[in-house]
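These are the residues of each chain, in order.
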Amino acid sequence: MIDKKLLSILVCPVSKAPLDYDEENQELVCKASGLAYPIRDGIPVMLEVEARQLTTEEKLG
């Protein structure tokens, strides 16, 4: 679980858009940039090189 206050201030480092928390995959998702940032040991890894590309279905969903 990620702190709601932290989530409210974090933005995507690429697009500067807000992020959505994906609890199942432990990721912060940015639909604007199409990237998902991992959360490791409760800490968001907000590096573009560590992010994975969203699939087409994820971008639309």
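So, how was this worked out
Residues numbered from 1 in each chain as written. Predicted model: local features only at pLDDT ≥ 70, side-chain atom pairs only at ≥ 80, totals over all residues. Heavy atoms only, no water. Helix = DSSP H or I, 4+ residues; strand = E, 2+ residues; numbered from the N terminus. Rg over C-alpha atoms; globule rule 2.2 N^0.38 Å. Buried < 20%, exposed > 50% of the residue type's maximum accessible area, 1.4 Å probe, protein only. Contact = heavy atoms within 4.5 Å. Areas by Shrake-Rupley, 256 points an atom, 1.4 Å probe, with all protein chains shown as cover. Lys, Arg positive; Asp, Glu negative; His and termini not counted. Charge placed at Lys NZ, Arg CZ, Asp CG, Glu CD. Core = buried A, V, L, I, M, F, W, Y, C linked by side-chain atoms within 4.5 Å. Polar contact = N/O pair within 3.5 Å; in protein donor to acceptor, adjacent residues only side chain to side chain. Salt bridge = Lys/Arg side-chain N within 4 Å of Asp/Glu carboxyl O.

## So, the overall build of the protein chain
Each helix and strand in the protein chain was counted, giving two helices and five strands. Taking 2.2 N^0.38 as the reference for a compact globule, 61 residues should give roughly 10 Å; the C-alpha atoms of the protein chain span a radius of gyration of 10 Å, in line with that estimate. Principal-axis analysis of the C-alpha atoms places the extent of the protein chain at approximately 30 × 25 × 20 Å. For the protein chain, the proportion of its 61 residues judged to be buried stands at 31%. Across the protein chain, contacts joining residues at least 24 apart in sequence account for 20% of those joining residues at least 6 apart. Element-wise, carbon and sulfur atoms account for 54% of the exposed surface of the protein chain, whose accessible area totals about 4,200 Å². Mean positive and mean negative side-chain charge positions of the protein chain (7 and 11 charges, respectively) differ by 6 Å.

## Notes on the nonpolar core
Judged by nonpolar contacts, I2, L10, C12, A17, L19, L28, C30, L35, Y37, I39 and A51 together constitute the single largest core of eleven residues. Looking at this core, the elements with two or more residues in it are β2 (27-30) and β3 (35-40). No other element matches β3, which puts three residues into this core. In contact with L10, other than residues within four places in its own chain, are L19, L28 and P44.

## Description of the side chain of E27
Along the chain, E27 turns up in strand β2. Separated by 2.8 Å, the side chains of E27 and R52 make a polar contact.

## Some thoughts on the pattern of salt bridges
The final tally for this structure, using the stated rule, is three salt bridges. Between R40 and E50 there is a salt bridge whose closest N-O contact spans 2.9 Å. Here R40 is found in strand β3, whereas its partner E50 is found in the loop between β4 (43-44) and β5 (52-53), with ten residues between them in sequence. A salt bridge links E58 to R52; the nearest nitrogen and oxygen atoms lie 2.7 Å apart. Each of E27, R52 and E58 takes part in salt bridges that share partners, so that together they form one network.

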